[in-house]
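If you want the building blocks of each chain, they are given just below.
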Number of protein chains: 2
Amino acid sequence: MTNVMAPGRVPIAILISGRGTNMAALVRAAASGTLNADIRLVLSNKADAAGLEFADAAGIRTLVLSHRDFATREDYDRALVAHLREAGVQYVALAGFMRILTHEFLGPFAGRVINIHPAILPSFPGTHAQKQALDYGVKVSGCTVHFVDEGTDTGIIIAQQTVPVLDGDDEDSLSARILAQENELYPQALNDVLCGRISVVGRRTIRKS
Amino acid sequence: MTNVMAPGRVPIAILISGRGTNMAALVRAAASGTLNADIRLVLSNKADAAGLEFADAAGIRTLVLSHRDFATREDYDRALVAHLREAGVQYVALAGFMRILTHEFLGPFAGRVINIHPAILPSFPGTHAQKQALDYGVKVSGCTVHFVDEGTDTGIIIAQQTVPVLDGDDEDSLSARILAQENELYPQALNDVLCGRISVVGRRTIRKS
């Protein structure tokens, strides 16, 4: 798998903390041409993130920037910004990046940081969204692609996709069903952003066709 | 339209405050035999509720019990219970009944009061759920049938159905799309309850087939 570079592609970075299955979905979409991105960098805050190997094998530059090497969140975020700027990154896609981002990062990249969350926000923000959904007893869950703001999963929504919650579901089976939808929705929604098709009115996004 | 009575039907009341389109959907489902209910009473807290005429025309007993005639919520709820008991009601379906119910009502009818809400709970509880959804900018909304507890739309969920939120939607167009789903979902979900097909484990409901 190679990261095809073409003129007009938007330079992005993908931030991960673990296996990065959504990162892999974005890499595949870029390679196949359905995501208009030049993936300049896959960055992890954890050295043992399994997704780093995938990115490396796909010929994408990888970088580990451990939060443990920085005294404060703000220090970490300033270093993050420096690395992303050095790589010429314009947009940032979070893919299981388990860090709260501060204004030091979200200021410079305002409106250009996108995340995917495994629930139909505003229900079940934060960690263990699938377990939260099961414990609450909803009959429908899904995933949400949204712009990142300084709240926890409170940013403006770009796209959502639902899945049923089945009577026999446990956290693993529900998570797998949602993840399959995430892997489809994230490249599509991110591509809409990168192609300039998403405009924002209040908190609502409008998709230009 | 007649309210067909058959042996084995569960005696219920429907509580309304306005036009009662979901009440009408339940009345139609009972008449057609898809809702295993004997609708003994349609009760409104407002004398001018348009739904009263529909119920009357369908041959169902109607009653106005104005909250203005009672000093406290508890007094009102005790009167409500007295009327429902006198009518032999076992289950109560709320259909746009704009009153917060107290323990005086929910104690005697514990686990036997059902409501429908125009959002995918736990998102957007309370009034103006459709406007809340539009203002938040979700891409999916819908409706939820749930058991009623003493919180505001916090009860255990029986069924949910989604609808898309479209870019051009206003409160009216989204409300109409959700209402069409409500009118389908409510009779089905209530029938599952009345037929004893719904069991509760924690906060999750399981549907026996």
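Residues numbered from 1 in each chain as written. Chains lettered and ligands numbered in written order. Predicted model: local features only at pLDDT ≥ 70, side-chain atom pairs only at ≥ 80, totals over all residues. Heavy atoms only, no water.

**With respect to the interface of chain A and chain B**
Then, number 1: Contact residues are listed per partner, giving 27 residues for chain A and 27 residues for chain B.
Then, number 2: The junction of chain A with chain B conceals about 2300 Å² of combined surface from both sides, 51% of it contributed by carbon and sulfur atoms.
Then, number 3: Ranking the residues of chain A by area buried against chain B places Tyr-136, Lys-139 and Arg-204 of chain A at the top, with a combined share of 30%.
Then, number 4: Applying the counting rule to chain A against chain B returns zero salt bridges.
Then, number 5: Counting residues per element, the ones that place at least two in the side of chain A that touches chain B are α5 (129-136), β7 (157-164) and β9 (204-207) of chain A.
Then, number 6: Among the elements that take part in the side of chain A that touches chain B, β7 of chain A stands out by supplying five residues, more than any other.
Then, number 7: Considering only residue class, the side of chain A that touches chain B consists of 13 nonpolar, six polar and eight charged. (Contact = heavy atoms within 4.5 Å. Buried area = accessible area lost by both parts, 1.4 Å probe. Salt bridge = Lys/Arg side-chain N within 4 Å of Asp/Glu carboxyl O. Helix = DSSP H or I, 4+ residues; strand = E, 2+ residues; numbered from the N terminus. Nonpolar A, V, L, I, M, F, W, Y, C, P; charged D, E, K, R; others polar.)

**Topic: the relation of the copies chain A and chain B**
Then, number 1: Superposing chain A onto chain B takes a rotation of 180° plus a shift of 0.0 Å along the axis, which leaves an RMSD of 0.0 Å. Viewed as a symmetry operation, the transformation between the two copies matches a two-fold axis. Looking at the rotation axis and the C-alpha trace of chain A, the residue lying nearest is Ser-123 of chain A, at 2.7 Å.
Then, number 2: Mapped onto chain B, 100% of the interface residues of chain A are again interface residues, and the two copies thus contact each other with one and the same surface. (Least-squares fit on C-alpha atoms with pLDDT ≥ 70 in both.)

**What to know about the side chain of Asn-115 of chain B**
Residues and elements named next belong to chain B.
Then, number 1: Inspection of the secondary structure puts Asn-115 in strand β5 (residues 113-117).
Then, number 2: Classification of Asn-115 by relative accessible area gives buried; the value is 11%.
Then, number 3: The residues touching Asn-115, leaving out its near neighbours within four places in the chain, are Leu-94, Thr-144, Val-145, His-146, Val-148, Asp-153 and Tyr-186. (Buried < 20%, exposed > 50% of the residue type's maximum accessible area, 1.4 Å probe, protein only.)

**Topic: the domain arrangement of chain A**
All names here are of chain A.
Then, number 1: According to the domain assignment, chain A consists of domain 1 (9-110) and domain 2 (116-209).
Then, number 2: When each unit is reduced to the centre of its C-alpha atoms, the spacing between domain 1 and domain 2 is 20 Å.
Then, number 3: The partner domain 2 presents 15 residues to the 18 residues of domain 1 that form the contact.
Then, number 4: Both faces considered, domain 1 and domain 2 share a buried interface measuring about 1500 Å² in area, 66% of it formed by carbon and sulfur atoms.
Then, number 5: At the junction of domain 1 and domain 2, the tally comes to zero salt bridges.
Then, number 6: The tally of links between domain 1 and domain 2 comes to six residue pairs in polar contact (both at pLDDT 80 or more).
Then, number 7: Per element, the largest residue contribution to the side of domain 1 that touches domain 2 is five residues, and it comes from helix α1 (residues 21-32).
Then, number 8: A breakdown of the residues in the side of domain 1 that touches domain 2 according to their chemical character gives twelve nonpolar, five polar and one charged. (Domains from an automatic or database assignment. Polar contact = N/O pair within 3.5 Å; in protein donor to acceptor, adjacent residues only side chain to side chain.)

**Things to note about helix α1 (residues 21-32) of chain B**
Residues and elements named next belong to chain B.
Then, number 1: Compared with the 16 Å implied by 1.5 Å per residue over twelve residues, the 16 Å span of α1 between its first and last C-alpha is a close match.
Then, number 2: Restricting attention to buried positions, one finds in α1 the residues Asn-22, Met-23, Ala-24, Ala-25, Leu-26, Val-27, Ala-29 and Ala-30.
Then, number 3: Looking at the buried residues of α1, the elements they touch are β1 (10-16), β2 (37-44), α2 (51-57), β4 (91-95), β5 and α6 (171-194).
Then, number 4: Looking one or two residues past α1, Gly-33 carries a phi angle of roughly 90°, positive in sign. (Expected span 1.5 Å × (residues − 1).)

**Re the sheet that holds strand β2 (residues 37-44) of chain A**
All names here are of chain A.
Then, number 1: One open sheet accounts for seven strands, arranged β3-β2-β1-β4-β5-β6-β7; its pairing is mixed. Two strands lie at the open edges of the sheet, namely β3 (62-64) and β7, each paired on one side alone. Between one strand axis and the next, the sheet turns through 20° on average, direction left out of account.
Then, number 2: Alignment of strand β1 (residues 10-16) against strand β4 (residues 91-95), held across five bridges, turns out to be parallel. Counterpart to Ile-14 in the pairing with β4 is Ala-93.
Then, number 3: Contacting β1, β2, β3 and β4, helix α3 (residues 73-86) crosses the sheet at an angle of about 145° to β2. (Pairing = 2+ DSSP bridges. Axes fitted to C-alpha atoms, helices over the stretch in contact; angles between N-to-C directions.)

**Observations regarding the confidence of the model for chain A**
All names here are of chain A.
Then, number 1: With 97% of its residues at a pLDDT of at least 70, chain A reaches an overall mean of 95.
Then, number 2: Here residues 1-5 is modelled with pLDDT under 50, and outside its nearest four sequence neighbours on either side it reaches 18 contacts, counting other chains as well.
Then, number 3: Overall fold confidence for the complex sits at a pTM of 0.93, while the interface term, ipTM, reaches 0.92. (pLDDT = per-residue confidence, 0-100.)

**Structural notes on the packing of α1 of chain A against helix α6 (residues 171-194) of chain A**
Residues and elements named next belong to chain A.
Then, number 1: Where α1 contacts α6, the axes come no closer than 9 Å and their chain directions differ by 45°. Judged on the interaxial angle alone, α6 and α1 are oblique. Crossing handedness for the pair α1 and α6: right-handed. Contacts between α1 and α6 pair Thr-21, Asn-22, Ala-25, Leu-26 and Ala-29 from the former with Leu-179, Glu-182, Asn-183, Tyr-186, Pro-187 and Leu-190 from the latter.
Then, number 2: The residue inventory of the contact of α1 with α6, partitioned by class, reads seven nonpolar, three polar and one charged. (Parallel < 35°, antiparallel > 145°, perpendicular 65-115°, else oblique. Left-handed = near helix turned anticlockwise from the far one by under 90°.)

**Some words on the sheet that holds β4 of chain B**
What holds strands together in a sheet is hydrogen bonding between their backbones, with the strands either parallel or antiparallel.
Residues and elements named next belong to chain B.
Then, number 1: Strand order across the open sheet formed by seven strands is β3-β2-β1-β4-β5-β6-β7, with mixed pairing between neighbours. The strands lining the two open edges of the sheet, one partner per strand, are β3 (62-64) and β7 (157-164). For this sheet the average axis-to-axis angle between neighbouring strands, irrespective of direction, equals 20°.
Then, number 2: Note that strand β6 (residues 140-147) and β7 share seven bridges and pair antiparallel. Bridge pairing links Ser-141 to Val-163 in β7.
Then, number 3: This element, α6, spans β1, β2, β4, β5, β6 and β7 of the sheet and lies at about 155° to β7.

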